[in-house]
Amino acid sequence: MKVSIIGSGAYGIALSSILHRNKVEVCMWAHSIEEKENLEKTRISLKLKDYKIPKEIKITNSLEESIKDSCLVVIAVPAFAFEETIIRVKEYINKKTPVLIATKGIQQDTCLFLHDVFKKYLKNNVAVISGPTFAVDIVKAVPIGFSLATKSTKAELVIRKCFENSTTKFRRTRDVVGIEICGSIKNVMAIAAGMLEGMKVSDSTRALFLTESMNDIKELIDALGGRKKSILSFAGFGDILMTCTSPNSRNFSFGYLIGRGATQEEVNEYLNNTTVEGMYTLKSINKLVRKKKVEIPIIHLINDIINGKKDKEEMLKFLIEK
């Protein structure tokens, strides 16, 4: 078996590590020649410094080489690069090859979920994974769980065969929309949770925020055609709990900077050196809820605080008055 990993960021490398442990052939695509050559030479990514990429994992800058003869193609690029990547993948992928989307987010200009963006170009069987899984934990081979959202039994079977093992668990659902919403919006909520941490609120206040967030996301899932119970999945409660409480979350750490009153220079430096998916998703989800006329006021508040229209202290007032 050969699996193509499209994306050589921390998450793509982490997913590759599972496949390597399962003795699956891996060919990972890097977006630039420089990235490819650096990874080949050092076998270490600056995004995952404590993990050495096994020599058996092949790294290439050629999409054709990565995808050729693969039984599964995994998309693990940043959300902003997703559509461009899918357009390029279309040139080389076999129509019968299932695709696994590991990218989280909502497209900014169209407000489309990524599986909908995918379907604009390809008819392959597709699945989405999401769950409480930091890359730094995945490479340590600790027990982890994913929500696997797909309407294709064929895609599910291939993914399980390639990835499942004694430390990697999948729980299938057909609610692709609900899982995508959870996977996307949790990054936004993590920014807000980080703000509260930076403001040094109490554990009780953090718990208040997490509870209100869970309820808001559940209503958003329902309003957009998903299943409310998906909020209790690995992608829902599991990922929200993890990303909203851990400094290992880039989104949480970004929110923490704002909460503790970091200078604009510090904030800009962090954004320039770190991929904060929640910032990309915030613009999309803020636009989407307005477009669909869904009442999720915390999204608008987070957006206003980030953009300097409201003070961070408004968060505390909001939690009591909402």
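Owing to the predicted nature of the structure, the values given are computational and were not obtained by experimental measurement. (Residues numbered from 1 in each chain as written. Predicted model: local features only at pLDDT ≥ 70, side-chain atom pairs only at ≥ 80, totals over all residues. Heavy atoms only, no water.)

Visitor: How should I be thinking about the overall build of the protein in this particular structure?
Guide: Looking only at helices and strands, the protein features 15 helices and eight strands. For 322 residues, the compact-globule estimate of 2.2 N^0.38 gives 20 Å, and the protein sits close to it at 19 Å. Once the C-alpha set of the protein is aligned to its principal axes, its extents read approximately 55 × 40 × 35 Å. Within the span of the protein, comprising 322 residues, buried residues form 59% of the whole. For the protein, contacts bridging at least 24 residues in sequence account for 71% of all contacts bridging at least 6. By element, 50% of the accessible surface of the protein is carried by carbon and sulfur atoms, the whole surface being about 14700 Å². (Helix = DSSP H or I, 4+ residues; strand = E, 2+ residues; numbered from the N terminus. Rg over C-alpha atoms; globule rule 2.2 N^0.38 Å. Buried < 20%, exposed > 50% of the residue type's maximum accessible area, 1.4 Å probe, protein only. Contact = heavy atoms within 4.5 Å. Areas by Shrake-Rupley, 256 points an atom, 1.4 Å probe, with all protein chains shown as cover.)

Visitor: Is there a simple way to explain unusual backbone geometry in this structure?
Guide: Residues other than glycine predominantly adopt negative phi, and peptide bonds predominantly adopt the trans conformation. Positive phi values are uncommon outside glycine, yet R43 reaches one of about 60 degrees. Inspection of the secondary structure assignment puts R43 in the loop between α2 (33-42) and β3 (58-60). Judged by its relative accessible area of 14%, R43 is buried. Phi is positive for C111, close to 65 degrees, though the residue is something other than glycine. You can see C111 is positioned in the loop between β5 (99-101) and α5 (114-119).

Visitor: Please clarify how helix α8 (residues 176-198) should be interpreted in this entry.
Guide: For an α-helix, the turn length of 3.6 residues means that residues three or four places apart are oriented alike. Here α8 is 23 residues long and its end C-alpha atoms lie 34 Å apart, about the 33 Å a rise of 1.5 Å per residue gives. The principal kink in α8, of about 30 degrees, is found at K186. Taking burial as the measure, the 23 residues of α8 include 21 buried ones, the bulk of the element. Looking at the residues trailing α8, positive phi occurs at K200, about 60 degrees. (Expected span 1.5 Å × (residues − 1). Bend = angle between axes of the 7 residues up to and from the residue.)

Visitor: Is there a simple way to explain the packing of α8 against helix α14 (residues 297-306) in this structure?
Guide: Any two packed helices are characterised by the angle at which their axes cross and by the distance between the axes. In contact at an axis separation of 11 Å, α8 and α14 are set at 60 degrees when each is read in the N-to-C sense. Comparing the axis directions of α8 and α14 gives the class oblique. Crossing hand, α8 versus α14: left-handed. Facing I185, V188, M189, I191, A192 and M195 of α8, the residues of α14 in contact are I298, I299, I302, I305 and I306. Within the contact of α8 with α14, the residues separate by chemical class into eleven nonpolar, no polar and no charged. (Axes fitted to C-alpha atoms, helices over the stretch in contact; angles between N-to-C directions. Parallel < 35°, antiparallel > 145°, perpendicular 65-115°, else oblique. Left-handed = near helix turned anticlockwise from the far one by under 90°. Nonpolar A, V, L, I, M, F, W, Y, C, P; charged D, E, K, R; others polar.)

Visitor: I keep staring at the pairing of strand β1 (residues 2-6) and nothing clicks. Help me out?
Guide: Two faces make up the sheet, and in a regular strand the side chains alternate between them. Summarising burial for β1: five of the five residues are buried, a large majority. Neither face of β1 is left uncovered, since the one carrying K2, S4 and I6 and the one carrying V3 and I5 both have all their residues buried. Pairing analysis gives five bridges linking β1 to strand β2 (residues 25-29), with the strands arranged parallel. Within β2, the position partnered with I5 by the bridge is M28. On the question of chirality, the crossover connecting β1 to the parallel β2 by way of helix α1 (residues 10-21) is right-handed. (Pairing = 2+ DSSP bridges. Right-handed = clockwise from strand over helix to strand, strands pointing away.)

Visitor: Help me understand the sheet that holds β1 in this model?
Guide: Backbone-to-backbone hydrogen bonds join strands into a sheet, with any given pair of strands oriented parallel or antiparallel. Taken in spatial order, the eight strands of this open sheet run β3-β2-β1-β4-β5-β6-β7-β8, and their pairing is mixed. Whereas interior strands pair on both sides, the edge strands pair on one side only; in this sheet they are β3 and β8 (168-173). Taken over all neighbouring pairs, the strand axes of this sheet differ in orientation by 25 degrees on average, direction set aside. Here strand β6 (residues 126-130) pairs with strand β7 (residues 144-150) via four bridges, running antiparallel. Paired with I129 across the two strands is L148, which belongs to β7. Against the sheet, helix α7 (residues 153-163) makes contact with β1, β4 (72-75), β5, β6, β7 and β8, and its axis sits at roughly 170 degrees relative to β8, the strand it touches most.

Visitor: Looking at this structure, I do not really get the pattern of salt bridges. What am I missing?
Guide: If the charged atoms of two oppositely charged side chains come close together, the side chains can form a pair. Using the criterion set out here, one finds 13 salt bridges in the structure. Here E65 makes a salt bridge to K58, at a shortest N to O gap of 2.7 Å. The partly exposed category is assigned to E65, whose relative accessible area is 32%. Note that R260 is salt-bridged to E266, the shortest N-O span being 3.2 Å. Each of E156, R160, E164 and R172 takes part in a single network of salt bridges with overlapping partners. (Salt bridge = Lys/Arg side-chain N within 4 Å of Asp/Glu carboxyl O.)

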